[in-house]
Amino acid sequence: MLLGRLKLPAEIRTLNVEELEILCDEIRQEIIAVSLRNGGHLGASLGAVEIAVALHRIFESPKDKMIWDVGHQAYAHKLITGRANRFSTLRKSGGISGFLSRAESEHDAFGAGHSSTALSAALGFAYRSDAWTLAVVGDGGLSAGVAFEALNNIQSPNYFGPMIIILNDNQMSISENVGGLHHILENGQAAEYFQMFGLEYVGPMSGHDLPTLLATLNGIKAAKPTKPILLHLLTQKGKGYSPAESQPALYHGVGPAQSGPVDGKTKAPEEVAAERTWSDLFCDALLDQAAHDPKILGITAAMADGTGLLPFAKKFPERFFDVGIAEAHGATFAAGLAANGWKPVCAIYSTFLQRAFDAIIHDIALQELPVIFGVDRAGLVGADGPTHHGVFDLAYGGMVPGLRIYTPEVGEDIEGSFQDALGSGKPTFIRYPRGKASLKGDVTYAPLRGLDSVTPLSRQLIVTFGPIGIRVRKIISSLSQDLQNTIAHVSVIQAKPIPEALIQMLDQKANQFDRVLYFEDGIHRGSLSVDLASRYPLIPAHYFDYPDIFLPHGTVPEIEQGYGFTDDAVRRVLQA
């Protein structure tokens, strides 16, 4: 096999077109095999194989800088740049990342796990550079504000070096693309549009026609253009794997150990079971309230499927908005709706909500507007790693004045939190993790549970935020009865503001506890736990949360074990 014996990327420049096409086939088969085994972002990378091969054939990385807009489309680039022998470790603990990482390879010129950063970064690389700067951008990625801001600055003066923007146009981000730019590309107006930004436009042409692609890139390189070039390539998401070709949204990402066609949402196997996911339950609550309140609207940012809002979109199409990859716009759009009397509900992954931080503070909280955020994929997400772990929202949400935060413990808490949020008229986060929710059936929603567990015998107080409370309760039940009698456990569902009943109890009984143990699925610095503990500096505190670092990729249990967040570790602390 060429992929196994060539010294890449240098020796790719020795291959003829026929050999390069064989290499493309080998790369596709390796991407399919490893993604179906380990899980990964299958569809976009299959569509960009010829692009990666052509760029590495014509240009010389790392001297020439290749900027890939998110790692979704960069698996072929990884295979070509010295990682073929480790590609089987993709997304595994200690293995190679599913996204771009400067720490992983000198060929990953700019790290990226979120969309739409490539154009801005490319301008930075092109400044006073004689080398080529090559930015590969998905058409969906151009819908984000940061991409428009870069386009606005791309009429570059002569101190920027040669640059090519590859527009990988597959009509998809994760779901189908939406909005005006999508229609411009679809209706043949791309040349006029990009030329107005000062770009030389080439295309559209097939991104899978390798001979034409090589000839075009060679011609651009030889011409030494004085303006940035936009090369518009039409590609097929999932190219070379028929299930992914026919269902590109479904096969955007696949779960691990997938031996055949995916027959559910693009989720890990543990999420495809009959139990309801947190995302499903959030949509259920939204549907239930929207059925008798016509003011309720649903908003997402290119994640209608992932956030579980498709049922809402189908039932209330005129009340549903997919704003594309534009979280900040989505938040401020929601602010405008709220200011005009509507009740907007935004479902956005925790990691992507970070991009709307200014809008949350300035446009929503400052004006006390009742926007509800379903903060999906909160906490650890596993193999997607440091760019996607949702461990910051409690810390940055906790610092925003007037923002309410809910951390449901069981599935039934979603409905109650949602009703509370609607009734409060305040900006709100309802934060829930990836995966299945525990449904108890006999649980009544309350902003705080377990206060009755505090007795005169209680010497250790456990405070939990979110689903971790179920796990802690099981750990406590495994201890001796004598020890159990000395442990009180309260589960906080309304996490901000902290329920007054908990504050009153701590005020009255602070001297009773030898220590308080806090469990929070987020980073320690700035956490809600630290804020609560600071009110009682004389009570020793022990924290189960995450350190002030970017957490690695791996399975959730592997990551937890690496940072002492295991059942055995909790048991040892309680028994000490």
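What this report covers is the structure whose coordinates are included nearby. (Residues numbered from 1 in each chain as written. Predicted model: local features only at pLDDT ≥ 70, side-chain atom pairs only at ≥ 80, totals over all residues. Heavy atoms only, no water.)

### Details of the nonpolar core
To keep it simple, the criterion reads: Nonpolar cores are built from buried Ala, Val, Leu, Ile, Met, Phe, Trp, Tyr and Cys residues. Side-chain atoms within 4.5 Å join them into one set. Exposure categories follow from relative accessible area, calculated using a 1.4 Å probe and restricted to protein chains: below 20% of the type maximum is buried, above 50% is exposed, and the middle band is partly exposed. Every helix listed is a DSSP run of H or I at least four residues long, and every strand listed is a run of E at least two residues long, numbered separately from the N terminus. Any pair of residues with heavy atoms lying within 4.5 Å of one another is described as a contacting pair.
With 54 residues, the main nonpolar core has Leu353, Phe373, Phe429, Leu461, Val463 and Leu502 as its most contacted residues. By residue number, the principal contributor to this core is helix α14 (residues 327-339), which donates 5 residues. Once residues lying within four places of it in the same chain are set aside, the contact partners of leucine 502 are Leu448, Leu451, Val490, Val492 and Leu532. Residues Leu23, Cys24, Ala76 and Leu134 belong to the second largest nonpolar core, which totals 53 residues.

### Details of a negative patch on the surface
Using the following cut-off: Like charges within 9 Å and nonpolar side chains (Val, Leu, Ile, Met, Phe, Trp, Tyr) within 5 Å are joined into patches, using only residues over 30% in relative accessible area that form no salt bridge. Per-residue and other accessible areas were derived by the Shrake-Rupley procedure at a 1.4 Å probe size, with only the shown protein chains allowed to occlude residues. Definition used for salt bridges: Asp or Glu carboxyl oxygen within 4 Å of a side-chain nitrogen of Lys or Arg. In this tally, Asp and Glu contribute negative charge and Lys and Arg positive charge; neither His nor the terminal groups of the chain are included. For charged residues, the charge sits on one atom: NZ in Lys, CZ in Arg, CG in Asp, CD in Glu.
A cluster of acidic side chains, namely Glu18, Glu21, Asp25 and Asp209, defines a negative patch on the protein surface. If you trace the backbone, aspartate 25 turns up in helix α2 (residues 17-38). On the accessibility criterion, aspartate 25 (48% relative accessible area) is partly exposed.

### Looking at the pairing of strand β11 (residues 428-431)
The two faces of the sheet receive side chains in turn, since in a regular strand these alternate between them. Note the threshold: Note on handedness: a crossover is taken as right-handed if, strands pointing away from the viewer, the path from the first strand over the helix to the second is clockwise.
In β11, alternate side chains face the same way, and those of Thr428 and Ile430 on one face and Phe429 and Arg431 on the other are all buried. Since strand β10 (residues 404-406) and β11 lie parallel, the crossover through helix α18 (residues 412-424) that links them has a hand, and here it is right-handed.

### Regarding the pattern of salt bridges
Following the criterion strictly, the structure yields 20 salt bridges and no others. We note a salt bridge from aspartate 376 to arginine 377, for which the minimum N-O separation is 3.0 Å. Residue classification places aspartate 376 among the buried residues on the basis of a relative accessible area of 0%. Take arginine 377: its relative accessible area is 7%, and that puts it in the buried class. The salt bridge partner of glutamate 409 is arginine 473, with a shortest N-O separation of 3.0 Å. In this pair, glutamate 409 sits in the loop between β10 and α18 while arginine 473 sits in helix α19 (residues 468-477), placing the two residues 64 residues apart along the sequence. A cluster of three or more residues bridged by salt bridges with shared partners is formed by Lys78, Arg83, Glu104 and Asp108.

### Quick notes on the sheet that holds strand β5 (residues 229-234)
Just so we agree on the cut-off: Any two strands are treated as partners once DSSP identifies two or more bridges connecting them. Here the axes come from fitting lines to C-alpha atoms, over the contacting stretch only for helices, and the angles between their N-to-C directions go from 0 to 180 degrees.
Judged by pairing direction, the sheet is parallel, and its 5 strands sit side by side in the order β1-β2-β3-β5-β4 without closing on themselves. Each edge of the sheet is formed by a strand with only one pairing partner; in this case those strands are β1 (65-68) and β4 (200-206). When the angles between neighbouring strand axes are averaged without regard to direction, this sheet yields 15 degrees. Sitting on the sheet, helix α6 (residues 118-126) touches β1, β2 (133-138) and β3 (163-169), and the angle it makes with β2 is about 175 degrees. In the packing of helix α10 (residues 210-223) onto the sheet, contacts are made with β3, β4 and β5, and the angle to β5 comes to roughly 175 degrees.

### Some remarks on the side chain of glutamine 494
Residue placement: glutamine 494 occurs in strand β15 (residues 494-496). Setting aside anything within four residues of it in sequence, one finds glutamine 494 in contact with Arg404, Ile405, Tyr406, Asp420, Pro447 and Pro499.

### Remarks on the environment of threonine 235
Applied cut-off: Any pair of nitrogen or oxygen atoms within 3.5 Å is treated as a polar contact; in protein, a donor-acceptor pairing is required on top of that, and neighbouring residues in sequence qualify only through side-chain atoms on both sides.
By secondary structure assignment, the location of threonine 235 is in the loop between β5 and α11 (242-246). Through-space distance from the C-alpha of threonine 235 to that of aspartate 209 is 9.6 Å; in sequence the pair is 26 residues apart. Those residues in contact with threonine 235 that lie beyond four places of it in its chain are Gly47, Ile51, Asn168, Asp169, Asn170, Gln171, Gly207 and His208. A polar atom in the side chain of threonine 235 sits 2.5 Å from the side chain of asparagine 168.

### Let's talk about the side chain of threonine 351
On the secondary structure map, threonine 351 appears in helix α15 (residues 350-353). Threonine 351 gets classed as buried once you look at its relative accessible area, which sits at 2%. Those residues in contact with threonine 351 that lie beyond four places of it in its chain are His114, Thr387, His388 and His389.

### Topic: the sheet that holds strand β8 (residues 343-349)
In spatial order, the strands read β7-β6-β8-β9-β11-β10-β15; together these 7 strands make up an open sheet with mixed pairing. Two strands in the sheet have a free side with no partner beyond their single neighbour: β7 (320-322) and β15. Direction aside, the axes of adjacent strands within the sheet are offset by 20 degrees on average. Sheet topology places β10 next to β11; 3 bridges connect them, and they run parallel. Note on β11: the bridge partner recorded for arginine 404 is threonine 428. Its contacts with the sheet put α18 on β6 (296-300), β8, β9 (372-376), β10, β11 and β15, and the angle it makes with β11 is roughly 175 degrees.

### Considerations on the layout of surface pockets
Note the threshold: A 1.4 Å probe that fits but cannot get out identifies a cavity on a 1 Å grid over protein atoms alone, an open set with protein on both sides within 12 Å along at least five of seven lines counts as a pocket, and a residue lines either if it has an atom within 4 Å of a point. Grid points are joined across faces, edges and corners, and a volume is the space filled by probe spheres set on the points. Residues are grouped as follows: Ala, Val, Leu, Ile, Met, Phe, Trp, Tyr, Cys and Pro are nonpolar; Asp, Glu, Lys and Arg are charged; every other residue, Gly included, is polar.
Quantified by volume, the second largest pocket comes out at close to 280 Å³. Looking at the second largest pocket, it is lined by 17 residues, and the ones nearest its centre are Gly113, His114, Pro386, Thr387 and Phe550. Grouping the constituent residues of the lining of the second largest pocket by class yields 7 nonpolar, 10 polar and no charged.

So yeah, pure geometry; function would need other evidence.
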